[in-house]
Amino acid sequence: MEETDAQIVSWSTIGDASAFVELTWRHGVAIHRYLSRRAGRAEADDLLGEVWVQAFGARATYDHAWPDARPWLYGIARNVLRAHWRTTARRAPRIPIAVSDPWPKLDDQLDAEARRPELKRALESLTDVEREVLLLVAWEQLSQAEIAFVLGVPPGTVRSRLHRARTAMRAELGAEGLAAEDKLLKEN
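Residues numbered from 1 in each chain as written. Predicted model: local features only at pLDDT ≥ 70, side-chain atom pairs only at ≥ 80, totals over all residues. Heavy atoms only, no water.

Section: the confidence of the model for the protein chain
The criterion, for reference: Note: pLDDT gives the predictor's confidence per residue, expressed from 0 to 100. In this text, helices come from DSSP runs of H or I with a minimum length of four residues, and strands from runs of E with a minimum of two, each type numbered from the N-terminal end. Whether two residues are in contact is decided by their heavy atoms, any of which lying within 4.5 Å being enough.
The share of residues in the protein chain with pLDDT of 70 or more is 79%, and the mean pLDDT across the chain is 83. When pLDDT is averaged over each element of the protein chain, helix α7 (residues 144-151) comes out on top at 94 and helix α9 (residues 177-187) at the bottom at 52. The low-confidence segment residues 99-107 (pLDDT under 50) makes twelve contacts with residues lying over four places distant or belonging to another chain.

As structure tokens, this is what we get:
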């Protein structure tokens, strides 16, 4: 049976610091993708290194009630991004830098590319907090409880932000509404 992330973090805090490397293998691609979508690929590499440095330094504070370290790592990545935007005197992009994953199927990519302006307009209509919740669900596949952990807010707040975001997306995308939103966000 494969050990949980919580077990790995625990081992790394009680003397086997090399165990932490397993987390980088398990979650490095997902965290890099998160950073790339928000800051661009060029900056994501450096930011990912900072995420791992901070995570390693904070491993003693890891909440072992969470067997999966992804919410914890996304929270650290979010804080690293915010610090990056503060130190570079730049504001967080109104909408994420990348609106697509690097390797989508060609047909899906062409369909999504044709609808990109609509999706961009709909995403821009959301508040920053609504957009973040929606993208954590759609792109990062996090549960509402995990998102609450990442953002440091109650689960009810996540539910209401997600509901508002989906309602706004439905209104912006017109007749196809939520089905179009789901398809576009999952393809992009």
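That shown, we press on.
So, the side chain of S12
Rule in force here: Burial classes follow relative accessibility: with a 1.4 Å probe on protein chains only, a residue under 20% of its type's maximum area counts as buried, one over 50% as exposed, and anything between as partly exposed.
With respect to the secondary-structure elements, S12 resides in helix α1 (residues 5-13). Residue classification places S12 among the buried residues on the basis of a relative accessible area of 1%. When residues no more than four places from it in sequence are discounted, the contact partners of S12 are A17, A19, F20 and R59.

Let's talk about the packing of α1 against helix α2 (residues 21-39)
Spelled out, the test is: Axes here refer to lines fitted to C-alpha atoms; in helices the fit is confined to the stretch in contact. Angles between the N-to-C directions go from 0 to 180 degrees. Between 65 and 115 degrees an angle is taken as roughly perpendicular, under 35 as roughly parallel, over 145 as roughly antiparallel, and anywhere else as oblique. Following the grouping adopted for this structure description, the nonpolar residues are Ala, Val, Leu, Ile, Met, Phe, Trp, Tyr, Cys and Pro, the charged ones are Asp, Glu, Lys and Arg, and the polar ones are all others, Gly among them.
At a minimum axis separation of 9 Å, α1 and α2 run at an interaxial angle of 150 degrees. By the angle between their axes, α1 is roughly antiparallel relative to α2. Residues D5, I8 and V9 of α1 touch α2, and the partners they reach there are E22, L23, R26 and H27. When its residues are assigned to classes, the contact of α1 with α2 shows three nonpolar, one polar and three charged.

Comments concerning helix α6 (residues 128-138)
Along an α-helix, a turn takes 3.6 residues, which lines up residues three or four apart on a common side. Burial runs high along α6: eight of the eleven residues are buried. Taken together, the buried positions of α6 are E130, R131, E132, V133, L134, L135, L136 and A138.

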